[in-house]
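Listed below are the residues making up each chain.
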Amino acid sequence: MQSKIKSLLYMSAIVVALGNFAVKQGAGDCTPDVDVAFLIGSSRSIKRSDYTKMKTFVANLAEKFQISPSGSRAAVVLYSTDATVSFTFGTYTSPETFRKAVMDLKHERGFTRIDLALIKAYYFLFRDNTRFLAQKRIFVLTDGEQKKNGSYTQLDRASSRLKREGVRIIAIGIGKNVNMSELRQFASSEKDIIVAKTFDDLSQFLNPLLKTACDDVAESQASILTYGGYAASVTPSQGIDSFSSTEDFLTAINSLRYGRNRGDVREALKLALEKVFPRARKSVAKVAVIIIYGEEDKNRGWRNSVLLLRKMGVSVVLVGVGSDALRSSLLPLVENKADLVIMSSFNDMMRNAVDLAKTTCNAALFPPCKLHADVAFLIDTSQNAKILMRSFSGNWSFSIVTYGRNTIVKASLSQAHNLSYLEQTVDEIAHDKVDEGQVRLDKAMDLAITDVFPRARPGVTKIDLIFTE
């Protein structure tokens, strides 16, 4: 039995590996599938000849990703005083057509608004347009500092949504005017920062950049818990963050020993509760995949441990192997019906490894609010944080009222809006530095009463969400 569980874990790891990519041995190219975006600075500080060199570098780098209709895809955001999606994923499906489009990009000669480029990339490229198993990469090319006059978004905040979507951001600074502190704000890690002294030096960074971007580092972290007899063990022993790549995970799976004695799943769950998930990262989803054999379900003591995992915020995927009668027994332990998978045998489980991997990925998603309502968001513009309500979806409409020194209706219930518009509107709210006594929540509530809710739909729930310090 354990050998077949081992085979399933191996196959599931291969599915995870499909979502990663590595540098081909000896080929110098990135294997599919990658959704890669190039955010190209087009400021007036760049000479015409240097701008051509930068575009040539982008075209050469993109070629290494093997752009094709069934392989990697590439997009470009051009930024200066504003940011524009020059072309999105799938617009050009070959290295040749992509190169020509890049070389035809105009030199806008404006200011340097890296924040707008990152925000635009999120809303119009990575928010809804990427593929399930494709890795996501962004290259940001800049020769200077972020323009800070007027309203702007801090670069760590401008890049935060992309990072939450699993996008790896690589910063490419060119020249002596690059601000290293700014690059660190939006790059995914220190190793994702490359600085060239001149535009002529860009070409020598082509292969190092490719290796950095295509380095097969698993974005997720994992632990393996095994049990036999009266004991359980966790791999790796150092904690959930000790696997540095999918390859390490596969090696650990392959080295698992067969245990002849029947174990107690309670011991493994105890380790998960005490040693594994307490060490997990706070800002990411946590998922436990628990494989239960039919005979093991007769011992009901393990069920409380599963419920404790859920109380810790861990999404539980239960895989029951045996009779379909397990379904009614296990269903109360999972949050959603989709999180319970019943397999008739271990061979059946192995054949359905791909579907099981997708179930695990879906368990990590925050469930949307399927609310039939009209919602007004009253947002204090004097706060440092801007609120993003990504979990709202369904048959509802919204209004946004901002209040600080002034009270303004940013969006009306009478207008048709979608989730992307909500996020973009919230993101564009300017930070209003005012004294505590100048923040007029009372005026915002008055405006909601007089101008917002009278336009709400009859017969639907009306909700007023107030965000304030």
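Residues numbered from 1 in each chain as written. Predicted model: local features only at pLDDT ≥ 70, side-chain atom pairs only at ≥ 80, totals over all residues. Heavy atoms only, no water.

### Considerations on helix α4 (residues 114-126)
Along an α-helix, a turn takes 3.6 residues, which lines up residues three or four apart on a common side.
So, point 1. The buried fraction of α4 amounts to 10 of the 13 residues, a majority that puts the element mostly inside the structure.
So, point 2. Where α4 is concerned, the buried positions are Ile-114, Asp-115, Ala-117, Leu-118, Ile-119, Ala-121, Tyr-122, Tyr-123, Leu-125 and Phe-126. (Buried < 20%, exposed > 50% of the residue type's maximum accessible area, 1.4 Å probe, protein only. Helix = DSSP H or I, 4+ residues; strand = E, 2+ residues; numbered from the N terminus.)

### Comments concerning the packing of aromatic side chains
So, point 1. For the coordinates displayed, the defined rule picks out seven aromatic pairs.
So, point 2. With a centroid separation of 5.4 Å and 10° between ring planes, the pair formed by Phe-38 and Phe-139 is classed as stacked. Within this pair, whereas Phe-38 is found in strand β1 (residues 34-41), its partner Phe-139 is found in strand β4 (residues 135-142), the two being separated by 101 residues in sequence.
So, point 3. For Phe-38, a relative accessible area of 0% translates into the label buried.
So, point 4. Arranged with centres 5.5 Å apart and planes meeting at 90°, the rings of Phe-87 and Phe-98 form a pair that is edge-to-face. Taken as a pair, Phe-87 in strand β3 (residues 83-87) and Phe-98 in helix α3 (residues 95-103) lie far apart in primary sequence, 11 residues in all. With respect to burial, Phe-87 and Phe-98 carry one shared label: buried. (Phe/Tyr/Trp six-rings, centres within 6.5 Å; stacked < 30°, edge-to-face > 60°.)

### Comments concerning the sheet that holds strand β11 (residues 340-343)
Strands in a sheet are paired, the pairing made by backbone hydrogen bonds, and the direction either parallel or antiparallel.
So, point 1. With respect to topology, three strands assemble into an open sheet ordered β9-β10-β11, the strand pairing being parallel. Each edge of the sheet is formed by a strand with only one pairing partner; in this case those strands are β9 (286-293) and β11. Across this sheet, the average inter-strand angle for adjacent strands is 15°, counted without regard to direction.
So, point 2. Inspection of the sheet shows β9 paired to strand β10 (residues 314-321) by eight bridges, in the parallel sense. Across the sheet, Ile-292 pairs through a bridge with Gly-320, a residue of β10.
So, point 3. Along the sheet face, helix α13 (residues 353-363) touches β9, β10 and β11 and points at about 155° away from the line of β10. (Pairing = 2+ DSSP bridges. Axes fitted to C-alpha atoms, helices over the stretch in contact; angles between N-to-C directions. Contact = heavy atoms within 4.5 Å.)

### Thoughts on the side chain of Ser-305
So, point 1. Its location among the elements puts Ser-305 in helix α10 (residues 303-311).
So, point 2. On the basis of relative accessible area, Ser-305 is assigned to the buried category, the value being 14%.

### Description of the nonpolar core
So, point 1. Counting 36 residues, the largest nonpolar core has Phe-38, Met-54, Leu-61, Phe-65, Phe-98 and Phe-139 as the members making the most contacts within it.
So, point 2. Only β1, α2 (48-63), β2 (73-79), α3, β4, β5 (167-174), β6 (193-196) and α7 (206-214) provide two or more residues apiece to this core.
So, point 3. Looking at this core, the element that brings in the most residues is α2, giving six residues.
So, point 4. The residues touching Phe-139, leaving out its near neighbours within four places in the chain, are Val-36, Ala-37, Phe-38, Leu-39, Leu-61, Phe-65, Ile-170, Ile-172, Leu-209 and Ala-213.
So, point 5. In this structure, Ala-83, Leu-118, Ala-121 and Leu-162 belong to the second largest nonpolar core, which totals 29 residues. (Core = buried A, V, L, I, M, F, W, Y, C linked by side-chain atoms within 4.5 Å.)

### Remarks on the packing of α2 against α3
So, point 1. In the contact formed by α2 and α3, the axes pass within 9 Å of each other and the chain directions differ by 160°. The pairing of α2 with α3 is recorded here as roughly antiparallel in orientation. Here the hand of the crossing between α2 and α3 comes out right-handed. The residues of α3 that touch α2, namely those facing Thr-52, Lys-55, Thr-56, Val-58, Ala-59, Asn-60, Ala-62 and Glu-63, are Pro-95, Phe-98, Arg-99, Val-102 and Met-103.
So, point 2. Residue classes in the contact of α2 with α3 are distributed as seven nonpolar, three polar and three charged. (Parallel < 35°, antiparallel > 145°, perpendicular 65-115°, else oblique. Left-handed = near helix turned anticlockwise from the far one by under 90°. Nonpolar A, V, L, I, M, F, W, Y, C, P; charged D, E, K, R; others polar.)

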